[in-house]
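Fold and geometry: a report
These are the residues of each chain, in order.
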Amino acid sequence: MTTEKDAKAAVAKKKLTMYRDVVPLASGMFSENTKISKEKMIATLHRSILGLTKTGEARPMEDLKLFLAISNQYGLNPFKKEIYATYVWDKERQREELTPIVSIHGLRKMARKSTTPRYTHTGAAELEFSKDDPSQIISATVPVFGIFSGGVSAISAGVTPVEVTRYTAYFDEFARHKKNGDLNSMWRSRPRMMLIKCAEANAIRQGFDISGLYIEEEIANDKVIDADPDEEMRHGEG
């Protein structure tokens, strides 16, 4: 006789089997010391990173495969929070579309793979504040540094990095707002940190030939169509 426990175990096993074909897309993302099956890790990733739909259902398996393929292509690991899955409402298609974004750490990782120049570090930010209101930040300028020859060996040999480029991000261009005109909660509570990240992300892309990947902090309002006031972008809810 099949017990309720047996039935639940059978359902769980069937679900894991669904992820067997997805595992190859996540090659290189697993720790060699992990004791959890790769199928279970992918299943957890599916729920925690891609999140659920408005009706509480799992995102399409095709989205998971696409997200892992993109992560693999760029050499970024979602388990290490280097790349995330975000959903943005597409007004023309009348549906949410998968939009991968990277963390600032993921962007730095990509820059370190550049050969000429090779990213070494980000310099201190230069901040400009309003003369009328010293608490109001106007802009943040961030320089990024690298080495133009020798790569890792040059870094090990103590070659002094040089400034590759710098970028100035202006608050009125990057700050994100809700539909009612109020600042997004993060931009309201941590405007300096948010603006500095935007400046660094742009400097890294310009200086190290990276394109097509953005961090959450710099996604502009016009990228988010008909979003909820407190959820301009929907992240994993699991």
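Up top is the structure these notes are about.
1. Structural notes on the overall build of the protein chain
Assigned secondary structure in the protein chain consists of eight helices and six strands. Start at the N end of the protein chain and walk to the C end: the helices and strands fall as α-α-α-β-β-α-β-β-β-α-β-α-α-α. Across the 238 residues that make up the protein chain, the buried fraction comes to 40%. Surface exposure of the protein chain reaches about 14,000 Å², of which carbon and sulfur atoms provide 50%.

2. As for the nonpolar core
Of all hydrophobic cores here, the largest spans 48 residues; its most connected members are Ile42, Leu64, Leu68, Leu107, Trp187, Leu195 and Ile204. With residues up to four places along the chain from it excluded, the contact list for Leu68 reads Val22, Leu25, Ala26, Met29, Ile42 and Leu45.

3. A short note on helix α4 (residues 104-112)
Every buried residue of α4 is listed here: Ile104, Gly106, Leu107, Met110 and Ala111. The buried residues of α4 occupy one face: seen down the axis, they fall within an arc of 160°. Elements that come into contact with the buried residues of α4 comprise α3 (61-74), β2 (95-102), β3 (118-122) and α8 (191-207).

4. Observations concerning the environment of Val162
Summarising the element assignment, Val162 is placed in strand β6 (residues 162-170). Along the primary structure Val162 and Ile147 are separated by 15 residues, whereas in three dimensions their C-alpha atoms are 6.4 Å apart.

5. Considerations on the packing of aromatic side chains
According to the stated counting rule, one finds three aromatic pairs in the structure shown. Between the aromatic rings of Phe30 and Phe79, the centroid separation amounts to 5.7 Å while the plane-to-plane angle is 45°, which identifies the pairing as tilted. Linking Phe30 in the loop between α1 (4-18) and α2 (38-48) with Phe79 in the loop between α3 and β1 (83-90), this pair joins segments that are 49 residues apart in sequence. Owing to a relative accessible area of 14%, Phe30 belongs among the buried residues under this scheme. With centroids separated by 5.6 Å and ring planes inclined at 85°, the aromatic side chains of Tyr119 and Phe208 adopt a geometry described as edge-to-face. Of the two residues, Tyr119 is situated in strand β3 and Phe208 in the segment after α8; the sequence distance between them amounts to 89 residues. Like Phe208, Tyr119 is buried. A cation over an aromatic ring shows up here: Arg59 above the ring of Tyr87, its NZ or CZ 3.7 Å from the ring centre.

6. Comments concerning unusual backbone geometry
Following Thr116, the chain continues into Pro117 via a peptide bond in cis, with omega recorded as -5°. Following the sequence through the fold, Pro117 ends up in the loop between α4 and β3. Notably, Gln94 is not glycine yet its phi reads approximately 60°, a positive angle. Structurally, Gln94 can be placed in the loop between β1 and β2.

7. Here we look at the side chain of Glu217
Locating Glu217 in the fold gives a position in the segment after α8. A polar atom in the side chain of Glu217 sits 3.3 Å from the side chain of Lys197. Beyond its immediate sequence surroundings of up to four residues, Glu217 is in contact with Phe174, Arg176, Trp187, Met194, Lys197 and Cys198.

Parameters and conventions
- Along every chain, residues carry numbers that run from 1 in the direction the sequence is written.
- Under the rules for a predicted model, residues below a pLDDT of 70 receive no local features and side-chain atom pairs below 80 are neither given nor counted, while totals for whole chains, interfaces and linings still include all residues.
- Side-chain metrics rest on all non-hydrogen atoms present in the structure, leaving aside hydrogens and water.
- Counting from the N terminus, the helices are the DSSP runs of H or I reaching at least four residues and the strands are the DSSP runs of E reaching at least two.
- Exposed residues in this analysis have more than 50% of their type's maximum accessible area, buried residues have under 20%, and partly exposed residues fall in between, with area computed by a 1.4 Å probe over protein chains only.
- For accessible areas, the Shrake-Rupley method is used with a probe of radius 1.4 Å. Any residue's cover is judged against the shown protein chains and nothing else.
- Residues belong to a common nonpolar core when they are buried Ala, Val, Leu, Ile, Met, Phe, Trp, Tyr or Cys residues joined through side-chain atoms within 4.5 Å.
- Should any heavy atoms of two residues lie within 4.5 Å, those residues are counted as being in contact.
- Summarising the geometry, the arc corresponds to the directions from the helix axis toward the C-beta atoms.
- Any two rings among Phe, Tyr and Trp, with Trp reduced to its six-membered ring, count as a pair given centres within 6.5 Å; such a pair is stacked if its planes are under 30 degrees apart, edge-to-face if over 60, and tilted if neither.
- Throughout this description, the term charge over a ring refers to an Arg CZ or Lys NZ atom that lies within 6 Å of the ring centre and within 35 degrees of the ring normal.
- For the purposes of these results, a polar contact is taken to be a pair of N or O atoms within 3.5 Å, where, inside protein, one atom must be able to donate a hydrogen and its partner to accept one; residues adjacent in sequence count only when each atom of the pair is a side-chain atom.

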